[in-house]
Amino acid sequence: MVPSQEEPAAARGTGEAQPLGPAPMGATELPGPAPGPSDSPEAAAEKVEVELAGPAEAELREPPEPPEGGWGWLVMLAAMWCNGSVFGIQNACGVLFVSMLETFGSKDDDKMVFKTAWVSSLSMGMIFFCCPIASVFTDIFGCRKTAVVGAAVGFIGLMSSSFVKSIEPLYLTYGIIFACGCSFAYQPSLVILGHYFKKRLGLVNGIVTAGSSIFTILLPLLLRVLIDSVGLFYTLRVLCIFMFVLFLAGFTYRPLTSSTKDKESGSSGSSLFSRRKFNPPKKIFNFGLFKVTAYAVWAVGIPLALFGYFVPYVHLMKHVEERFQDEKNKEVVLMCIGITSGVGRLLFGRIADYVPGVKKVYLQVLSFFFIGLMSMMIPLCSVFGALIAVCLIMGLFDGCFICIMAPIAFELVGAQDVSQAIGFLLGFMSVPMTVGPPIAGLLRDKLGSYDVSFYLAGIPPLIGGVVLCFIPWIHSKKQRQISKTTGGEKMEKMLGNQNSLLSSSSGIFKKESDSII
């Protein structure tokens, strides 16, 4: 029996064992290796149960294969809208920031600038900080319910923000309520794609994550027009339309249904007492994921690299205003990053489909290397055209890093645990995203320029890339150990069966000899 529609989609793991053959139905326990990264006794018992059930019943219990299309294309478009609306609004916070200063205070008031900056900083950090919690809700209630409720909460937070009279309430309405809703809407969009696509997962993730690039290019222009026309508060209400569409899009995240054979087998005698029928609830926080060494290294290397990753995106415009004062179209540098980031997500998403297994991590290593190098080259650009070229390259590899996060998570821990694996990682990412840019700004205030800030910002991506290089080696070493252990147990079991057969034959021969005598 496969999980019903009410069960989370992430519960359809790929770690079920292949049946070894029929066995007596009365048996209850047999030793065997745990299937997959969870290493839980429940998972081991499940595997044994499939082995005991025989080929026919095990075939009935196999989780449905990803359809590689069909309804999945609509799910892909919904997830694309989610990425675009959530991160398009966050990436356009610079436009909202200026409008908040004009509405609630003066741009020359340093204290007001500091207080206003916390609104967007808190919002971005909370989106990723809440992802581990959102992953738990995704496991318990499923992708559809979590995404729909998250979009509704985000809508309420954004609408409430349009009625405030001072900057302080925005910490709650925009920085916490709106951001938490976005987090609960965003996290399921990463998980659901892996259940509708497998062979095309890299390409689909590239298309989905390209949504944020498209919105990042278009939303600043739209927000500027709206703010100049109707003001900040009505602009926030217009943005509520994006959240309402996201609310509707969440209903497309329907779980894969079981086949007719699975439904019919649910009433059979052996399935009636199956542990699948009465599957115990998943752990609230599955810290057993960190026993998977390759995932633990990945969860450390990514946040380590991000301490300098976002510094150029936050401080680049201020640097351009100071270094290239005569240039008129300074915003073109951000547009270049957004455009090539979208191209990179599509390009490297497709390339990732041809890179086997965990070796996809090498694409992230490559992206961090170029991002770190380009960050260091920003202060060296004395010509505006050279800076544009640097931004084009940086955006291309930014898209590479983002689009293959979900496929790598599926490779490291499997579909059963991918929800919490991504959630933990995004939660860790919230720390460097919140801390890195303020440190760079502090260095700018102390030293009078952004040169040292950009040089230092290039170091963490390089260090993080070096750490990630060890993941394929660690993963392959672990797989060899598992194969060796499994092979030894199979050989021992085979020899045991042969000895039992020889003993039985010897006893029969002795009986026949006695009867002849």
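This one's a predicted model, so the numbers in the text were calculated from it and none came from an experiment. (Residues numbered from 1 in each chain as written. Predicted model: local features only at pLDDT ≥ 70, side-chain atom pairs only at ≥ 80, totals over all residues. Heavy atoms only, no water.)

1. Things to note about the overall build of the protein chain
- Along its length, the protein chain carries 21 helices and 0 strands.
- Residues counted as buried form 50% of the 517 residues belonging to the protein chain.
- Across the protein chain, the fraction of contacts at a sequence separation of at least 24, relative to all contacts at a separation of at least 6, is 85%. (Helix = DSSP H or I, 4+ residues; strand = E, 2+ residues; numbered from the N terminus. Buried < 20%, exposed > 50% of the residue type's maximum accessible area, 1.4 Å probe, protein only. Contact = heavy atoms within 4.5 Å.)

2. Things to note about the pattern of salt bridges
- Overall, the coordinates contain 5 salt bridges when judged by the stated rule.
- Arg224 is the salt-bridge partner of Asp228, the closest N and O atoms lying 3.4 Å from each other. Of the two residues, Asp228 and Arg224 are both situated in helix H8 (residues 201-230); the distance of 4 residues between them amounts to about one turn of the helix.
- With relative accessibility at 57%, the residue Asp228 sits in the exposed group.
- Judged by relative accessible area, which is 33%, Arg224 ranks as partly exposed.
- Between Arg350 and Asp353 there is a salt bridge, with the nearest N and O atoms lying 3.4 Å from each other. (Salt bridge = Lys/Arg side-chain N within 4 Å of Asp/Glu carboxyl O.)

3. A word on the nonpolar core
- Ranked by size, the top nonpolar core spans 103 residues in total, and within it Tyr253, Tyr295, Trp298, Ile302, Leu426, Met429 and Ile471 carry the most contacts.
- Considering each element in turn, this core owes the most residues, 14 residues, to helix H7 (residues 169-196).
- Once residues within four sequence positions are removed from consideration, Tyr295 is found in contact with Leu289, Phe290, Leu412, Val413, Gln420, Ala421, Phe424 and Leu425.
- By size, the runner-up hydrophobic cluster in this structure holds 20 residues, among which are Val320, Val333, Ile378 and Met394. (Core = buried A, V, L, I, M, F, W, Y, C linked by side-chain atoms within 4.5 Å.)

4. Some details on the side chain of Gln364
- Of note, Gln364 is situated in helix H15 (residues 361-377).
- By relative accessible area, Gln364 is classed as buried at 0%.
- Side chain to side chain, Gln364 and Trp298 meet in a polar contact 3.0 Å long.
- Discounting chain neighbours no more than four positions away, the residues touching Gln364 are Trp298, Ile302, Phe401, Ile404, Met405, Ile408 and Leu468. (Polar contact = N/O pair within 3.5 Å; in protein donor to acceptor, adjacent residues only side chain to side chain.)

5. Things to note about the packing of aromatic side chains
- Evaluated as defined, the whole model comprises 22 aromatic pairs.
- Centroid distance Phe137 to Phe184: 5.4 Å. Interplanar angle 70 degrees. Geometry classified as edge-to-face. Taken as a pair, Phe137 in helix H5 (residues 131-141) and Phe184 in helix H7 lie far apart in primary sequence, 47 residues in all.
- Given a relative accessible area of 36%, Phe137 falls into the partly exposed group.
- Its relative accessible area of 17% is what places Phe184 among the buried residues.
- Seen in terms of ring centroids, Tyr295 and Trp298 are 6.2 Å apart; in terms of plane orientation they differ by 55 degrees. Their pairing is tilted. Of the two residues, Tyr295 and Trp298 both sit in helix H12 (residues 293-309), 3 residues apart, roughly one turn of that helix. (Phe/Tyr/Trp six-rings, centres within 6.5 Å; stacked < 30°, edge-to-face > 60°.)

6. A closer look at the environment of Val300
- Relative to the assigned elements, Val300 resides in helix H12.
- Here the alpha-carbon distance between Val300 and Val467, two residues 167 residues apart in the chain, equals 8.4 Å.

7. Here we look at a nonpolar patch on the surface
- A grouping of Leu304, Phe307, Val431, Val435, Ile439, Leu447, Val452, Leu456, Ile459 and Ile463 is seen on the molecular surface, where their side chains present a nonpolar patch of about 770 Å² in accessible area.
- Elements that contribute at least two residues to the nonpolar patch include exactly H12, helix H18 (418-447), helix H19 (451-457) and helix H20 (459-468).
- For the nonpolar patch, the element with the highest residue contribution is H18, accounting for 4 residues.
- Given the relative accessible area of 42%, Ile463 is considered partly exposed. (Patch = residues over 30% accessible without salt bridge, like charges linked within 9 Å, V, L, I, M, F, W, Y side chains within 5 Å. Areas by Shrake-Rupley, 256 points an atom, 1.4 Å probe, with all protein chains shown as cover.)

8. Here we look at the side chain of Asp398
- Examined against the element boundaries, Asp398 turns out to sit in helix H16 (residues 384-403).
- When its relative accessible area of 6% is taken as the criterion, Asp398 is described as buried.
- At a separation of 2.6 Å, a polar atom in the side chain of Asp398 contacts the side chain of Ser341.

9. Quick look at H18
- Helix length check: H18 (30 residues) gives 44 Å between terminal C-alpha atoms against 44 Å at 1.5 Å per residue, within 8%.
- Of the residues trailing H18, Gly448 is marked for its positive phi of about 90 degrees. (Expected span 1.5 Å × (residues − 1).)

10. A closer look at the environment of Ile439
- By the secondary structure assignment, Ile439 is in helix H18.
- In sequence terms Ile439 and Gly308 are 131 residues apart; their C-alpha atoms lie 9.7 Å from each other.

11. A short note on the state of the cysteines
- One pass over the structure, following the stated rule, counts 0 disulfides.
- We note that Cys336 lacks a disulfide partner, and the nearest cysteine sulfur, in Cys391, lies 6.6 Å from it. (Disulfide = S-S within 2.5 Å.)

12. Here we look at the packing of H7 against H18
- At a minimum axis distance of 9 Å, the contact between H7 and H18 shows a crossing angle of 135 degrees. Considered as vectors, H7 and H18 are oriented oblique to each other. Considering the relative orientation of H7 and H18, their crossing is right-handed. Residues Tyr186, Gln187, Leu190 and Val191 of H7 form the contact with H18, whose participating residues are Val418, Ser419, Ile422, Gly423 and Leu426.
- Its residues placed into classes, the contact of H7 with H18 shows 6 nonpolar, 3 polar and no charged. (Axes fitted to C-alpha atoms, helices over the stretch in contact; angles between N-to-C directions. Parallel < 35°, antiparallel > 145°, perpendicular 65-115°, else oblique. Left-handed = near helix turned anticlockwise from the far one by under 90°. Nonpolar A, V, L, I, M, F, W, Y, C, P; charged D, E, K, R; others polar.)

13. Section: helix H2 (residues 71-91)
- Taking 1.5 Å per residue, 21 residues should reach 30 Å; H2 reaches 30 Å between its end C-alpha atoms and fits that length.
- Across the 21 residues of H2, 15 count as buried, placing the element largely inside the fold.

14. Observations regarding the environment of Met377
- Turning to its location among the elements, Met377 is positioned in helix H15.
- When the C-alpha atoms of Met377 and Tyr455 are compared, they prove to be 7.8 Å apart, with 78 residues separating the residues in sequence.

15. Regarding the confidence of the model for the protein chain
- Mean pLDDT over the protein chain stands at 74; residues scoring 70 or higher make up 73%.
- The weakest mean pLDDT in the protein chain belongs to helix H11 (residues 269-272) at 32; the strongest belongs to helix H6 (residues 143-161) at 93.
- Segment residues 1-61: pLDDT under 50, and 110 contacts once partners within four positions in sequence are set aside and those in other chains are kept.
- Every residue in residues 259-281 is under pLDDT 50, and counting partners more than four places away or in other chains gives 33 contacts. (pLDDT = per-residue confidence, 0-100.)

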